[in-house]
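Coordinate inspection notes
Listed below are the residues making up each chain.
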Amino acid sequence: MTAPLLALEGVAAAYGRTPVLFGVDLTVPAGEVVALMGRNGMGKTTTVRTIMGLMPATAGRVVWRGRDLAGLAPHRIAHLGLGLVPEGRRVFPTLTVRETLVATARPPAPGSATGEPWTLDRVHGLFPRLAERADSLGGQLSGGEQQMLAIGRALMTNPALLILDEATEGLAPVIRDQIWAVLGRLKAEGLSILVIDKTVSALARVADRMAILEKGRVVWTGTPAALLAAPDVQHRHLGV
Ligand SMILES: Nc1ncnc2c1ncn2[C@@H]1O[C@H](COP(=O)(O)OP(=O)(O)OP(=O)(O)O)[C@@H](O)[C@H]1O
């Protein structure tokens, strides 16, 4: 069996003296879409921050293609092929859309190309709105446009794994639908994706496997079909 692209093995993390993750086990196999779910405050964003090296794991390991990422700075981790679409989008307010996309462009990390490299034209093909807004400053964009830009910016780094933290939160339904459609296209191209979101039905359509985080631990994993067939699990762990 080949090693998974990303594996979290018993990962713990804390804010100061307050532990938040208590041993997270999570695997993203190459070419798969994994959904990470959980109610507010259960540790999803903290898990992402720990993967990206934005905070240290106090126990356990984050392993990328068999390599322990402990001690690597966030930019080094990103350069290995992890592309983050952060919660809250964090677009650069004083750069134009074009400048943002060009400034973040990188070739794929060695051995991690999953298809045709991402270019400005390819990102515009995915999000035509970004072409129309190419000369607008990040700070002038609507929430939906900022989200498209955050995804385009991550794709321009030619990631082997795209990580999206609440990428549809607070957006109009029509924009959410566009983003889910884009994730479907990226999956069809073979990109590996770790997606955090609250919309179970949309996640179930795109994901190969799903994991539920509760109080800093993964308490359930399974297929979308298994989750959809288990309303008690959804009710107990997701409050839906
Ligand atoms: N900077 C911080 N300092 C202290 N505690 C924090 C900090 N950020 C998050 N926490 C706490 O850590 C826990 C996990 O938060 P986290 O943001 O990882 O959850 P989440 O599952 O992503 O939630 P949400 O869906 O609300 O984004 C929460 O109890 C939260 O209050």
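Calculation notes
- Throughout this description, residue numbers start from 1 for each chain and increase along the sequence as written.
- Per-residue local features are limited, in this predicted model, to residues with pLDDT of at least 70; the limit for side-chain atom pairs, both in listing and counting, is 80 or more; totals at the level of whole chains, interfaces and linings are taken over all residues.
- Runs of E in the DSSP output that reach at least two residues are strands. Runs of H or I that reach at least four are helices, and both are numbered from the N terminus.
- Throughout, radius of gyration means the C-alpha value; the globule benchmark is 2.2 Å times the number of residues raised to the power 0.38.
- Two residues qualify as being in contact provided that their C-beta atoms, derived from the backbone, are within 7 Å of each other.
- Pairing between strands is defined by DSSP: at least two bridges between the two strands are required.
- Think of each axis as a best-fit line through the C-alpha atoms, taken over the contacting stretch in the case of a helix, with angles from 0 to 180 degrees between the N-to-C directions.
- Being near a molecule or strand means, for a residue, that its backbone-placed C-beta atom lies within 6 Å of it.
- Classification used: nonpolar for Ala, Val, Leu, Ile, Met, Phe, Trp, Tyr, Cys and Pro, charged for Asp, Glu, Lys and Arg, polar for all others including Gly.
- Backbone-placed C-beta atoms define the burial measure: a residue is buried with 20 or more other C-beta atoms within 10 Å of its own, exposed with 12 or fewer, and partly exposed in between.
- By arc we mean the arc of the directions from the helix axis to the C-beta atoms, nothing more.
- We define a nonpolar core as a collection of buried residues of the types Ala, Val, Leu, Ile, Met, Phe, Trp, Tyr and Cys that are connected via C-beta atoms lying within 7 Å of each other.

- An unreviewed UniProt entry lists the protein under the name Branched-chain amino acid transport system ATP-binding protein, from Roseospira goensis.

**Quick word on the overall build of the protein**
- Along its length, the protein carries ten helices and ten strands.
- At 17 Å, the protein has a C-alpha radius of gyration in line with the 18 Å of a compact globule built from 240 residues.
- The C-alpha extent of the protein, read off along each of the three principal axes, is 45 × 40 × 40 Å.
- A sequence separation of at least 24 residues applies to 69% of the contacts in the protein between residues at least 6 apart.

**Points about the sheet that holds strand E1 (residues 6-15)**
- Spatial strand order, E2-E1-E4-E5: four strands in an open sheet with antiparallel pairing. Each edge of the open sheet carries a strand with a single partner, namely strand E2 (18-28) and strand E5 (67-68).
- Direction of pairing for E1 relative to strand E4 (residues 59-64): antiparallel, over a ladder of five bridges. From the neighbouring strand, leucine 6 faces E4, where its bridge partner is tryptophan 64.
- Here helix H1 (residues 44-51) sits on the sheet and contacts E1, E2 and E4; the angle it forms with E2, its principal contact strand, is near 70°.

**With respect to the site of the ligand**
- For the ligand, the full set of nearby residues is Tyr15, Thr18, Val20, Gly38, Asn40, Gly41, Met42, Gly43, Lys44, Thr45 and Thr46.
- Residue assignment for the shell around the ligand shows that the elements contributing at least two residues are E2 and H1.
- Per-element accounting of the shell around the ligand gives the leading share, three residues, to H1.
- Here the shell around the ligand is composed, by residue class, of three nonpolar, seven polar and one charged.

**Re the sheet that holds strand E3 (residues 33-37)**
- What the six strands build is an open sheet, ordered E6-E7-E8-E3-E9-E10; its pairing is mixed. Strands with a single pairing partner mark the edges of an open sheet, and in this sheet they are strand E6 (82-85) and strand E10 (217-222). When the angles between neighbouring strand axes are averaged without regard to direction, this sheet yields 20°.
- Sheet topology places strand E9 (residues 209-214) next to E10; five bridges connect them, and they run antiparallel.

**Structural notes on helix H3 (residues 97-104)**
- Listed in full, the buried residues belonging to H3 are Val97, Thr100 and Leu101. An end-on view of H3 places all buried positions within 90° of arc, on one side of the element.
- Residues of H3 that are buried sit in contact with helix H4 (120-126), helix H5 (128-132) and helix H6 (143-155).

**A few points about the pairing of E3**
- Taken across its five residues, E3 has five buried, putting it largely inside the fold.
- Examined bridge by bridge, E3 and strand E8 (residues 192-196) share four bridges and lie parallel to one another. Residue pairing in the sheet places valine 34 in a bridge with leucine 194 of E8.
- The pairing of E3 with E9 spans four bridges and is parallel. The residue of E9 that forms the bridge with leucine 36 is alanine 211.

**Some details on the nonpolar core**
- Among the nonpolar cores identified, the biggest contains 64 residues, and Leu36, Val85, Leu161, Leu162, Ile163 and Val195 are the most heavily contacted of them.
- With six residues, the single largest contributor to this core is H6.
- Not counting residues up to four positions away in its chain, the partners in contact with valine 85 are Ala150, Ile151, Ala154, Leu162, Ile163, Leu164, Asp165 and Ala167.

**Quick look at the pairing of E2**
- Where E1 and E2 come together, eight bridges link them in antiparallel fashion. Residue pairing for E2: alanine 12 is matched across the bridge by phenylalanine 22.
- Counting the residues between successive antiparallel strands, the hairpin from E1 to E2 contains two residues, one of them, glycine 16, with a positive phi of roughly 60°.

**A look at H1**
- Taking burial as the measure, the eight residues of H1 include seven buried ones, the bulk of the element.
- Within H1 the residues assigned to the buried category are Lys44, Thr46, Thr47, Val48, Arg49, Thr50 and Ile51.
- Positioned one or two residues after H1, glycine 53 has a phi angle of 80°, which is positive.

**Some remarks on the environment of leucine 72**
- As for its placement among the helices and strands, leucine 72 is situated in the loop between E5 and helix H2 (74-79).
- Residues leucine 72 and proline 56 lie 16 residues apart in sequence; the distance between their C-alpha atoms is 9.5 Å.
- Apart from the residues within four sequence positions on either side, leucine 72 is in contact with Gly53 and Ile77.

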